[in-house]
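Listed below, chain by chain, are the residues.
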Amino acid sequence: MRPDCCRRTTLWLSRAMSVLTLEPRPAGKRWLVAGLGNPGLPGTRHSVGLAVLGHLARRLGVADTWARDRRCAADLAVASLEDAQLVLLRPRRLMNASGRSVARAVSLYVKWGQLRAPPHESRESGQRPLGRWAVTRATISLCQAELFGLTAEEVYLVHDELDKPLGKVALKLGGSARGHNGVRSCISCLNSHAMPRLRIGIGRPAHPDTVQAHVLGSFSAAEQELLPLLLERATDMLLDHIRERSQRPSLGPDLSEFLPP
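Below you will find a few notes about this structure. (Residues numbered from 1 in each chain as written. Predicted model: local features only at pLDDT ≥ 70, side-chain atom pairs only at ≥ 80, totals over all residues. Heavy atoms only, no water.)

1. Considerations on the nonpolar core
One recurring pattern in soluble globular proteins: nonpolar side chains tend to sit buried together.
Line of reasoning, step 1. Judged by nonpolar contacts, the single largest core of 33 residues is most densely connected at Val33, Leu86, Leu88 and Ile200.
Line of reasoning, step 2. Every element with two or more residues in this core is listed here: β1 (30-35), α2 (48-59), β3 (74-81), β4 (84-91), β7 (155-161), β9 (196-201), α6 (211-216) and α7 (221-246).
Line of reasoning, step 3. The element best represented in this core is α7, accounting for seven residues.
Line of reasoning, step 4. The contact partners of Val33, leaving out residues within four places of it in the chain, are Leu53, Leu56, Leu86, Val87, Leu88, Leu89, Tyr156, Val158, Leu238 and Ile242.
Line of reasoning, step 5. Counting 23 residues, the second largest nonpolar core, distinct from the first, contains Ala74, Val87, Leu150 and Leu190. (Core = buried A, V, L, I, M, F, W, Y, C linked by side-chain atoms within 4.5 Å. Buried < 20%, exposed > 50% of the residue type's maximum accessible area, 1.4 Å probe, protein only. Helix = DSSP H or I, 4+ residues; strand = E, 2+ residues; numbered from the N terminus. Contact = heavy atoms within 4.5 Å.)

Following this line, the structure appears as structure tokens:
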């Protein structure tokens, strides 16, 4: 491995470990919350899921900790909720491809148990000294374990909902996409319909020909006055549901093997 490649890999690993502070958690104690929207169009009705996620990050005190992860093309923040851990995700892809970011975050990993401070290079083990770390071939391969150890049922999707009036918020536990392209992308990429969805009503216009313009348009001045209360209610509903699920007994796998020894 060339020295410049070593430096790049060292930097990549250090950023990965600084961005994601993972602690051992049994199943049902870690949740991923993905806000769906178009990253280049904040303030639009279609991006209200991103607005909810921003409000959630502020409520949890992690609004200043967002970090870009190029591997899953998303911004990530990690927050604590009592004894549970929330991984907040804002895809950087457009709505119709957002499922790729969500699925990548669920399945991507750095297998922390493969990182050791090497006394010397060992060709038999396949390790090479890399600054203060040794990186095995298994560590470089990003397909052998899960970073967050999550199932589809532990991934929340927050998105706009045409069939609910503005101000209405509802939780839907799995099911079809109901015509929402962002949810459809997540279902396809995760190969599951089981993700809970927090549906934020934006209202359906009277004329079908104006649906696209309505969805991609910005909230009106009157609607913007309702947004603070809407974001607050949506955040309350989401956190209450996660708290309730986190308190249920679970016999999931031990995830400590993915963390530093």
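Back to the text.
2. Observations concerning the packing of aromatic side chains
Line of reasoning, step 1. Going through the model one piece at a time under the given rule, you end up with one aromatic pair.
Line of reasoning, step 2. Ring centres of Trp31 and Tyr156 lie 6.1 Å apart, and the angle between their planes is 70 degrees; on these two criteria the pair is classed as edge-to-face. Placement of the pair is Trp31 in strand β1 and Tyr156 in strand β7, with a sequence separation of 125 residues. The two residues Trp31 and Tyr156 agree in class, both being buried.
Line of reasoning, step 3. Residue placement shows Arg90 over the ring face of Trp66; its charged tip is 3.9 Å from the ring centre. (Phe/Tyr/Trp six-rings, centres within 6.5 Å; stacked < 30°, edge-to-face > 60°. Lys NZ or Arg CZ within 6 Å of the ring centre and 35° of its normal.)

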